[in-house]
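# Reading the structure
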Amino acid sequence: MTGEASAIPAPIGLLAELTHRCPLRCPYCSNPHELEKRSAELPTETWLRVLGEAAELGVLHVHLSGGEPTARADIVEITAHCARLGLYSNLITSGVGAALGKLDALAEVGLDHVQLSVQGAEPATAERIGGMPGAHAQKLAFAERVRELGLALTLNAVIHRGNIAEVEAMIDLALAMGARRLEIAHAQYYGWGLLNRAALMPARADVVRSIAAVDAARKCLAGRLVIDLVVPDYYARYPKACAGGWGRRLINVTPSGRALPCHAAETIPDLAFWSVAEHALRDIWHHSPAFNAFRGTGWMPEPCRSCDRREQDWGGCRCQALALTGDAAATDPACALSPFHATMRATAEAEAAAELPPGYRYRGKRSGVRREGLLPG
Ligand code: SF4
Ligand code: FES
């Protein structure tokens, strides 16, 4: 694919991973296994410059993410800068730790939207999955303050074997919290999720039930709550347009400044990721080899190359293709036309049917990674 500036539309979103620090330890975390240290994080002035470059490039939405973005001392300053630049700011937060204490100040400087993660509808489930006692009560208090401040709220629930029985209860929780939108997103198996896949994979019958529950709720809650559903790739017929298509809609910047086409792109070897500390965002978007590696359709092998859906799903997910086939340029095995599709489905069914294994979770730099029971059995 060409890197010609004129042929490449502007990105819509900037995912600003401000820090990997987080009070929670979710077993499906999309952060890399090797978390970036606080000492490696970009300084405030670089983030402010990057936001200015994003606005100039045509970005509309900035997702302030992490880790837990409110762990950054400068989160209010960064959010205020988004408002000054006319960028729509979305705080993606766990709602625990420093989040509640900074919420009033964030609202004051013009934060537009809050996306709050929930790990389960029941406190015991949520706290077992997130690995933090008391987290659920903190989230409830946080959501209450979001409502009092009049901020728009989306609830995000990652669904897997350990909480799939609580999908209906999560819909009730979203209503009780005053959310306008709920994302029921089945886990994506990259990074920690792939490491813990055997502990997280739900049975197909439970997935079908969860989809039916969402469909029913959408009908009776129309006009009150919008419910987005991300179905699990392992039981799908076609893949999703991951990140909206490689190098099409999103720039993901890591805490230390590497610009990625998607959050798991660093799992793909031999891609060179330019840093925002050394390159302007426009230069990265148009000319970085990593952004051009899988842009458009020119890189596609068959069956994608001649498929009618190639400009709908853009061949699916490169990181998943690499993880499951060993080739980042292969058709995503979530596609029924991939020669790896049947193996992917069989793997999911076998893992879901097996006894719940322990999983891995990051425990902090002293104790590193620990294997333990992560989910309610
Ligand atoms: Fe998508 Fe490729 Fe499958 Fe067609 S063959 S549906 S483009 S992944
Ligand atoms: Fe990287 Fe899907 S997560 S392309």
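Summary of the structure given here. Numbers given for residues are sequential positions, taken from 1 along each chain in its written order. A letter from A marks each chain and a number from 1 marks each ligand, given out in the order of writing. Where local features are concerned, this predicted model is filtered to residues with pLDDT of at least 70; where side-chain atom pairs are given and counted, the filter is 80 or more; whole-chain, interface and lining totals use all residues. The side-chain numbers reported here are obtained from all heavy atoms of the structure, hydrogens and water having been left aside.

## Details of the packing of helix α4 (residues 123–130) against helix α5 (residues 135–149)
So the rule is basically this: All axes are obtained by fitting lines to C-alpha atoms, using only the stretch in contact for helices, and the reported angles, taken between N-to-C directions, cover 0 to 180 degrees. The secondary structure listing takes helices from DSSP runs of H or I that are at least 4 residues long and strands from runs of E that are at least 2 residues long, numbered from the N terminus. The labels follow the angle: roughly parallel below 35 degrees, roughly antiparallel above 145, roughly perpendicular from 65 to 115, and oblique for the rest. Contacts: residue pairs with any heavy atoms within 4.5 Å of one another. When residue character is reported, Ala, Val, Leu, Ile, Met, Phe, Trp, Tyr, Cys and Pro are called nonpolar, Asp, Glu, Lys and Arg charged, and the others, Gly included, polar.
Where α4 contacts α5, the two axes come as close as 8 Å, and the packing angle between them is 110°. Considering their axes alone, α4 and α5 lie roughly perpendicular with respect to each other. Residue-level contacts link P123, A126 and E127 of α4 to A135, H136 and A137 of α5. When its residues are assigned to classes, the contact of α4 with α5 shows 4 nonpolar, 1 polar and 1 charged.

## Side note on helix α12 (residues 318–325)
Formally: Partly exposed residues are those whose accessible area sits between 20% and 50% of the maximum for their type, while under 20% is buried and over 50% is exposed, using a 1.4 Å probe and protein chains only.
In terms of burial, α12 is largely enclosed, as 6 of its 8 residues are buried. Structurally, α12 contributes buried residues whose contacts are with α13 (341–353). Just beyond α12, the residue with positive phi is G326, at close to 85°.

## Some words on the sheet that holds strand β3 (residues 88–93)
For the record, the criterion: Whether two strands pair depends on DSSP finding at least two bridges between them.
Read from one edge of the open sheet, 9 strands run β7-β6-β5-β4-β3-β2-β1-β8-β9, paired in mixed fashion. Of all strands in the sheet, those with a lone pairing partner are β7 (226–230) and β9 (259–260), marking the two edges. Relative to strand β2 (residues 61–65), helix α2 (residues 75–85) is tilted by about 175°, and along the sheet it contacts β2 and β3. Of the strands in this sheet, β6 (181–186) and β7 touch helix α9 (residues 204–220), which is tilted by about 160° from β7.

## Things to note about the site of ligand 1
We apply this condition: Residues are labelled near a given molecule or strand when at least one of their non-hydrogen atoms is within 4 Å of it.
By nearness alone, every residue bordering ligand 1 is listed as Y238, P239, P303, C304, C307, R309, R310, D313, G315, T331, C335 and L337. Broken down by class, the residue content of the shell around ligand 1 amounts to 7 nonpolar, 2 polar and 3 charged.

## Structural notes on the pairing of β6
The sheet contact formed by strand β5 (residues 152–159) and β6 spans 6 bridges and is parallel. Each bridged residue has a counterpart across the sheet, and for L155 the counterpart in β6 is L182. Sheet topology note: the β6/β7 ladder contains 5 bridges and is parallel. Along β7, the bridge assignment pairs L182 with I227.

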